[in-house]
There are 2 protein chains.
Amino acid sequence: MTLNEKVFKFKVEVILKKGVLDPQGEAIKQSININNLGNILDVKQGKLFELTASSKNREQAIKEVERICADLLTNSVIEEFTYYEVSE
Amino acid sequence: MTLNEKVFKFKVEVILKKGVLDPQGEAIKQSININNLGNILDVKQGKLFELTASSKNREQAIKEVERICADLLTNSVIEEFTYYEVSE
């Protein structure tokens, strides 16, 4: 981080593509039913990442975050990602 | 799901409390640096859940989701949760 860089914070959500089997979500749904915790029709489990980027400007930070999502955090065969900036 | 029930969809984010060691996040951060993917100061990994609830009204659905978060999805010693309703 140099003097003329700013800090941007992003949340990245990685979820399974539609149609991909989600055994973890299915197990949680069963557990909710067994324990009578509520009437839940569907559960999907995904991953969440908080990235704190230091960059010259927002465009550069977004570019980096997109690349990290595509190259590192997501298996594009079965998963897809979305991200959004958060203030704090 | 009975006739007078509606469907509500929620996203639940479970993240580690501040100060709790996050080795997964640390490993991702190192990987970003080694692969020169961007200037990332910090990475935190959490869990994401999409819950589809069937309920008489929104209040009831929120009550169920909160209970599921507290009793099943979160280890309250080291984690905390937030949730928000999504439209689709």
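The structure presented is a predicted model; accordingly, all values stated were derived computationally and were not measured.

## Side note on the environment of A:Phe81
Residue and element names in this part refer to chain A.
Part 1 of the reasoning: Mapped onto the elements, Phe-81 comes out in strand S3 (residues 79-86).
Part 2 of the reasoning: For Phe-81, a relative accessible area of 29% corresponds to the partly exposed category.
Part 3 of the reasoning: C-alpha separation for the pair Phe-81 and Val-43, spaced 38 residues apart in sequence, amounts to 18 Å.
Part 4 of the reasoning: Apart from residues no more than four positions distant in its own chain, Phe-81 is found in contact with Val-12, Glu-13, Val-14, Glu-66, Cys-69, Ala-70 and Thr-74.

## Quick notes on the pairing of strand S2 (residues 40-55) of chain B
Part 1 of the reasoning: Counting buried residues in S2(B) gives 12 out of 16 residues, a clear majority hidden from the surface.
Part 2 of the reasoning: Across 13 bridges, strand S2 (residues 40-55) of chain A lies against S2(B) in antiparallel orientation. Bridge assignment links A:Glu50 to a residue of S2(B), and that residue is B:Lys44.
Part 3 of the reasoning: With 9 bridges joining them, strand S1 (residues 6-16) of chain B and S2(B) adopt antiparallel strand pairing.

## Considering the interface of chain B and chain A
Part 1 of the reasoning: In this assembly, 35 residues from chain B lie in contact with 35 residues from chain A.
Part 2 of the reasoning: When chain B packs against chain A, the two sides together hide about 3,200 Å² of surface, and 59% of this comes from carbon and sulfur.
Part 3 of the reasoning: Our count for the contact surface shared by chain B and chain A stands at 2 salt bridges.
Part 4 of the reasoning: A salt bridge links A:Glu13 to B:Lys11, with the nearest nitrogen and oxygen atoms 2.7 Å apart.
Part 5 of the reasoning: Across the chain B-chain A interface, the total number found is 18 residue pairs in polar contact (both at pLDDT 80 or more).
Part 6 of the reasoning: If you list the elements that add at least two residues to the side of chain B that touches chain A, you get S1, helix H1 (23-34), S2 and helix H2 (58-73) of chain B.
Part 7 of the reasoning: Grouping the constituent residues of the side of chain B that touches chain A by class yields 17 nonpolar, 8 polar and 10 charged.

## So, the side chain of B:Glu50
Part 1 of the reasoning: Summarising the element assignment, B:Glu50 is placed in strand S2.
Part 2 of the reasoning: Apart from residues no more than four positions distant in its own chain, B:Glu50 is found in contact with A:Ile15, A:Asp42, A:Val43, A:Lys44, B:Lys9, B:Phe10 and B:Lys11.

## With respect to the relation of the copies chain B and chain A
Part 1 of the reasoning: Taken as rigid bodies, chain B and chain A are interconverted by a rotation of 180 degrees and an axial shift of 0.0 Å, the fit giving an RMSD of 0.0 Å. Each copy turns onto its partner about a two-fold axis. Using C-alpha coordinates, one finds that chain B approaches the rotation axis most closely at B:Lys47, a distance of 2.4 Å.
Part 2 of the reasoning: A high fraction, 100%, of the interface residues of chain B reappear at the interface in chain A, so the copies pair face to face through one surface.

## What about the packing of helix H2 (residues 58-73) of chain A against H1(B)?
Part 1 of the reasoning: It is at 11 Å that the axes of H2(A) and H1(B) come closest, and there the two elements cross at 105 degrees. The angle between the axes of H2(A) and H1(B) places the two elements in the roughly perpendicular class. For the pair H2(A) and H1(B), the contacting residues are A:Ile68, A:Leu72 and A:Leu73 in the first and B:Ile28, B:Ser31 and B:Ile32 in the second.
Part 2 of the reasoning: Residue composition of the contact of H2(A) with H1(B), by class: 5 nonpolar, 1 polar and no charged.

## Re the sheet that holds S3(A)
Part 1 of the reasoning: Here 6 strands make up an open sheet; going across it, the order is S3(A)-S1(A)-S2(A)-S2(B)-S1(B)-S3(B) and the pairing antiparallel. Here the strands that pair on one side only, and so sit at the sheet edges, are S3 of chain A together with strand S3 (79-86) of chain B. The mean angle between the axes of side-by-side strands here comes to 25 degrees, regardless of whether they run parallel or antiparallel.
Part 2 of the reasoning: Each of S2 of chain A together with S2 of chain B touches helix H1 (residues 23-34) of chain A; the most contacted strand, S2(A), lies at about 125 degrees to it.

## Considering the side chain of B:Glu64
Part 1 of the reasoning: Position of B:Glu64 relative to the elements: it lies in helix H2.
Part 2 of the reasoning: Among buried charged residues, B:Glu64 stands out as having no salt bridge; its nearest opposite-charge side chain is B:Arg67, 7.9 Å away.

## Re unusual backbone geometry
Part 1 of the reasoning: Despite not being glycine, A:Asn36 shows a phi value in the positive range, around 55 degrees.
Part 2 of the reasoning: Mapped onto the secondary structure, A:Asn36 falls in the loop between H1 and S2.

What counts, and where the lines are drawn
- Residues numbered from 1 in each chain as written.
- Chains lettered and ligands numbered in written order.
- Predicted model: local features only at pLDDT ≥ 70, side-chain atom pairs only at ≥ 80, totals over all residues.
- Heavy atoms only, no water.
- Helix = DSSP H or I, 4+ residues; strand = E, 2+ residues; numbered from the N terminus.
- Buried < 20%, exposed > 50% of the residue type's maximum accessible area, 1.4 Å probe, protein only.
- Contact = heavy atoms within 4.5 Å.
- Pairing = 2+ DSSP bridges.
- Buried area = accessible area lost by both parts, 1.4 Å probe.
- Salt bridge = Lys/Arg side-chain N within 4 Å of Asp/Glu carboxyl O.
- Polar contact = N/O pair within 3.5 Å; in protein donor to acceptor, adjacent residues only side chain to side chain.
- Nonpolar A, V, L, I, M, F, W, Y, C, P; charged D, E, K, R; others polar.
- Least-squares fit on C-alpha atoms with pLDDT ≥ 70 in both.
- Axes fitted to C-alpha atoms, helices over the stretch in contact; angles between N-to-C directions.
- Parallel < 35°, antiparallel > 145°, perpendicular 65-115°, else oblique.
- Lys, Arg positive; Asp, Glu negative; His and termini not counted.

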